[in-house]
Amino acid sequence: MLAITAIIRAKKGHEAAMRQALLDVVEHVRANEPSTVGYYVSQDVRQSADIFDV
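Going along each chain's sequence as written, the residues are numbered from 1 onward. With pLDDT at 70 or above as the cut-off, local features in this predicted model cover only qualifying residues; side-chain atom pairs require 80 or more to be listed or tallied, and sums for whole chains, interfaces and linings still use all residues. Side-chain numbers here rest on the full set of heavy atoms in the structure, without hydrogens or water.

Engineer: I tried to follow the overall build of the protein on my own but got confused; where do I start?
Structural biologist: Helix and strand definitions here come from DSSP, where helices need a minimum of 4 consecutive H or I residues and strands a minimum of 2 consecutive E residues; each element is numbered from the N-terminal end. A tally of helices and strands in the protein yields one helix and three strands. When the elements of the protein are put in sequence order from the N terminus, they spell out β-α-β-β. Seen through its C-alpha atoms, the protein measures out along the principal axes to roughly 35 × 20 × 15 Å. Within the protein, buried positions represent 20% of all 54 residues. Partly exposed describes any residue whose relative accessible area lies between the buried limit of under 20% and the exposed limit of over 50%, with all areas from a 1.4 Å probe on protein chains only and scaled to the type maximum.

Engineer: Help me understand the confidence of the model for the protein, please; the structure alone is not making it clear to me.
Structural biologist: Close inspection of predicted coordinates is inappropriate in any region flagged by low pLDDT. On average, the protein scores 86 in pLDDT, and the residues at 70 or more come to 94%. Within the protein, the element-level pLDDT minimum falls on strand β3 (residues 50–53), averaging 67, and the maximum on helix α1 (residues 15–32), averaging 92. As a per-residue measure, pLDDT reflects the predictor's confidence and takes values from 0 up to 100.

Engineer: What exactly am I supposed to notice about the environment of valine 29 here?
Structural biologist: Within the fold, valine 29 resides in helix α1. Residue class for valine 29 comes out buried when judged on its relative accessible area of 6%. Residues valine 29 and tyrosine 39, ten residues apart in the sequence, show an inter-C-alpha distance of 7.4 Å. Filtering out sequence-adjacent residues up to four positions away, valine 29 remains in contact with Thr36 and Tyr39. In this analysis, two residues are considered to be in contact whenever any of their non-hydrogen atoms come within 4.5 Å of each other.

Here it is, written out as structure tokens:
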């Protein structure tokens, strides 16, 4: 199994747009890539600009 982790830092003021864009990608992956075991987005509660895309 291959796992990829990315730390994405949104520009100040663009956190909500980045979060929504990543959630849209999750929806697309779950609908169109049946061999993908898991695709998750999480956000660091201490740093709102840091969104982790796994």
